[in-house]
Amino acid sequence: MTRLEAKKPSLCKSEPLTSERVKATLSVWKGIVSSCYGPSGRLKQLHNGLGGCVCTTSQSSALLRHLSVTHPILKILTTSVQNHVSCFSDCGLFTAILCCNLIENVQRIGLTPTTVIKLNKHLLRLCTNYLKSEACGCRLPVDFGSTQILLCLVRSILTSKPASMLTRKEIDHISALVLKAFLLTIPENAGDHVILGKSIIVPLKGQRVIDSTVLPGILIEMSEVQLMKLLPIKKSGALKVALFCTTLSGDLSDPGEGTVVVSCGVSLENAVLDQLLHLGRQLISDHVDLVLCQKVIHPSLKQLLSVHRIIAIDRIGVALMEPLSKVTGTQPIGSLGSISPSSYGSVKDLCTAKFGSKHFFHLIPNEATICSLLLCNRNDTAWDELKLTCQTALHVLQLTIKEPWVLLGGGCTETHLAAYIRHKTHNEPESILKDDGCTQTELHLIAEAFCSALESLAASLEHDGGEILTDMKYGHFWSVQADSPSVVNWPDLLSRCGCGLYNSREELGWSFLRSTCRPFTPQTCLPHEAAGSGSNLTVDCLTAKLSGLEVAVETANLILDLSYVIEDKN
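Rules used throughout
- Residues numbered from 1 in each chain as written.
- Predicted model: local features only at pLDDT ≥ 70, side-chain atom pairs only at ≥ 80, totals over all residues.
- Heavy atoms only, no water.
- Helix = DSSP H or I, 4+ residues; strand = E, 2+ residues; numbered from the N terminus.
- Buried < 20%, exposed > 50% of the residue type's maximum accessible area, 1.4 Å probe, protein only.
- Contact = heavy atoms within 4.5 Å.
- Axes fitted to C-alpha atoms, helices over the stretch in contact; angles between N-to-C directions.
- Parallel < 35°, antiparallel > 145°, perpendicular 65-115°, else oblique.
- Left-handed = near helix turned anticlockwise from the far one by under 90°.
- Nonpolar A, V, L, I, M, F, W, Y, C, P; charged D, E, K, R; others polar.
- Expected span 1.5 Å × (residues − 1).
- Polar contact = N/O pair within 3.5 Å; in protein donor to acceptor, adjacent residues only side chain to side chain.
- Core = buried A, V, L, I, M, F, W, Y, C linked by side-chain atoms within 4.5 Å.
- Pairing = 2+ DSSP bridges.
- Salt bridge = Lys/Arg side-chain N within 4 Å of Asp/Glu carboxyl O.

**Brief notes about the overall build of the protein chain**
- In terms of helices and strands, the protein chain carries 17 helices and 20 strands.
- For the protein chain, the spread of C-alpha atoms along the principal axes amounts to about 90 × 75 × 45 Å.
- Looking at the 570 residues of the protein chain, the share that counts as buried comes to 49%.
- Counting contacts in the protein chain only where the partners sit at least 6 residues apart, residues at least 24 apart contribute 75% of the total.

Printed below as a string of structure tokens:
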């Protein structure tokens, strides 16, 4: 007899953010994500105590996937960041750090959550309106007639992921390949509604990064023995293709709870084989050149097709089915019945290829909107990180088509935005407050907490104890090495700002980041020549960063508004 235990009452905690344990938990979490931020971010090694693979990373997507959090407040925060990353791929650490900074700064002020949330929403609206406006001083247009800004965007993403273990030369090489792979997915005759193709990342671990390359079409990996068995096709025109998403092995499908009625003397195996051979004869009569199957093809059917010089490739797997359908224009065939002529597709050509120790069957499409990025790296850990980084870069480039703008990176957007908010709240508070019942004093307190959160986020880029300054003209981020002399002429130590747009030889005033200084008006409206001012700018995706800003503020507001946490302990 099972022993029954009395149900435990739920645990109810009021004002959870006042708990020292919760504050310590948030502080530890903030320390983890802050230390990962930027090109010199520290790597994290995550593994399960019970065994399994070890993950070495500084990326938010991998970090959050491998970290297990139990506290309800941390679950809210991590879930919000994961949802953002799943939609935009980039700016996950930005979102997490800013959210933690906002919560931490607001708690020191002592205003009611209602007032804080109301003013945070006003300041968020002020930020988004400015970043989307023509007057924005930290936004650059993306010209798709030139690769310069697009290369800067990809290079910035690769540089910010140190676990990929790339040299400067390798970063430039992979940046060019990622951009080429992205451009190959854009149709040549694109109209108002562009349907992008797909870039398939093919692993080549243990090879030199510089050996990575991009090829139009699809590479299907197979053994050297299999390739030797395939007969070459000699045909001047396009090759006719049939794509099967069902098994052609002759195995009987599981009837489930039903029954199969078989007449006396009938062999099911022979009946299915006869049906397969009949299917093969139809493929022959329809002059098909290439048969691709997601699953297994029966040896007898393979032999029949081979005799008639039809190439048959099986065990392709589900991952390649959608790209193959796009490349060939086929409708995947899911039955052994008669095949409709509209189900067939075609490819321009096919050939064999060898990269490293791997052999591939290369399908070359009529129109190259599907491409294969053969990605090399020294070991499994570095390759996994590089793959994730390249996927992020490809997604960010797609987002840039919808909104062809980038934001200045390297901490410059954050410090510029903080300077802009301080200027607006001190000089035009009435335009922000309007009729919401808040005082100017409350606005100034929350604005300072908001600006400090942005500046602390920018300061997270410095991991070696160096000094951080902002200039009093543009409001940009400048970093000084830790061992620099205390009394110095700053232009002698500073070369370029964090984003690389401005140099220190201009007539600039300086201020230590987060020090008390009078609000100033940062220069807005970047000059037209700014987009072409350099090939090594650090930039961020506008769409991803705007979403990260909104998610960070909204999540902080949600957590600040929590009055009770109720946990079921059963």
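There is more to say, and it comes next.
**Looking at the packing of helix α3 (residues 72–88) against helix α4 (residues 92–107)**
- Their axes nearest at 9 Å, the elements α3 and α4 cross at an angle of 150°. As judged from the angle between their axes, α3 and α4 are roughly antiparallel. Remark: the crossing between α3 and α4 carries right-handed chirality. Across the interface between the two elements, Leu-77, Val-81, His-84 and Val-85 from α3 touch Gly-92, Thr-95, Ala-96, Cys-99 and Cys-100 from α4.
- Taken together, the residues of the contact of α3 with α4 sort by class into six nonpolar, three polar and no charged.

**Describing helix α1 (residues 20–35)**
- Taking 1.5 Å of rise per residue, the 16 residues of α1 would be expected to cover 22 Å, and the 22 Å separating its terminal C-alpha atoms lies within 8% of that figure.
- Inspection of α1 places Val-22, Leu-26, Trp-29, Lys-30, Val-33, Ser-34 and Ser-35 among the buried residues, and these make up the whole buried set.
- Buried positions along α1 lie against β2 (44–46), α2 (60–66), α3 and α4.
- Regarding α1, its N-cap is Ser-19, as a side-chain oxygen of that residue lies 3.2 Å from the backbone nitrogen of Arg-21 further along.

**As for the nonpolar core**
- Formed by 119 residues in total, the largest nonpolar core has its most connected members in Leu-77, Leu-98, Leu-131, Ile-174, Val-178 and Ile-421.
- Among residues more than four places away in sequence, those in contact with Ile-421 are Leu-123, Leu-126, Cys-127, Ala-447, Phe-450, Cys-451 and Leu-454.
- If you look at the next biggest cluster of nonpolar residues, it comprises 23 residues, including Ile-200, Leu-243, Leu-320 and Val-347.

**Regarding the side chain of Lys-424**
- Relative to the elements of secondary structure, Lys-424 occurs in helix α13 (residues 412–427).
- Once residues lying within four places of it in the same chain are set aside, the contact partners of Lys-424 are Leu-126, Pro-429 and Ile-432.

**A short note on the pairing of strand β15 (residues 405–408)**
- Pairing of strand β4 (residues 139–141) with β15, which is carried by three bridges, proceeds in the antiparallel orientation. The residue of β15 that forms the bridge with Leu-140 is Val-406.
- Where β15 and strand β19 (residues 539–541) come together, three bridges link them in antiparallel fashion. What sits directly across from Leu-408, in β19, is Val-539.

**What about helix α17 (residues 542–560)?**
- Across its 19 residues, α17 extends 27 Å between first and last C-alpha, which sits within 8% of the 27 Å expected from 1.5 Å per residue.
- The buried fraction of α17 amounts to 16 of the 19 residues, a majority that puts the element mostly inside the structure.

**Details of the sheet that holds strand β16 (residues 467–471)**
- Spatially, three strands are ordered β17-β16-β18 in an open sheet, and the strand pairing comes out antiparallel. A strand with exactly one partner marks an edge of an open sheet, and here the two such strands are β17 (477–480) and β18 (510–512). The sheet shows a mean angle of 35° between the axes of neighbouring strands, taken without regard to direction.
- The pairing of β16 with β17 spans four bridges and is classified as antiparallel. Bridge pairing in β17 links Leu-469 to Trp-478.

**Quick notes on the sheet that holds strand β9 (residues 290–293)**
- The strand order β10-β9-β8-β11 describes an open sheet built from four strands, whose pairing is mixed. This sheet does not close on itself; its edge strands, each paired only once, are β10 (311–313) and β11 (345–347). Direction aside, the axes of adjacent strands within the sheet are offset by 30° on average.
- Bridge analysis of β9 against β10 gives three bridges, and the strand direction is parallel. When the bridges of β10 are listed, Leu-292 appears paired with Ile-313.

**Some thoughts on the pattern of salt bridges**
- In total, this model carries 18 salt bridges according to the counting rule given.
- A salt bridge links Lys-302 to Asp-314, with the nearest nitrogen and oxygen atoms 3.1 Å apart. On the criterion of sequence distance, the pair formed by Lys-302 in helix α10 (residues 299–307) and Asp-314 in the loop between β10 and α11 (321–328) is long-range, its members being twelve residues apart.
- For Lys-302, a relative accessible area of 28% puts it in the partly exposed group.
- For Asp-314, a relative accessible area of 7% translates into the label buried.
- Through salt bridges with shared partners, a single ionic network connects Lys-30, Glu-104 and Arg-108.

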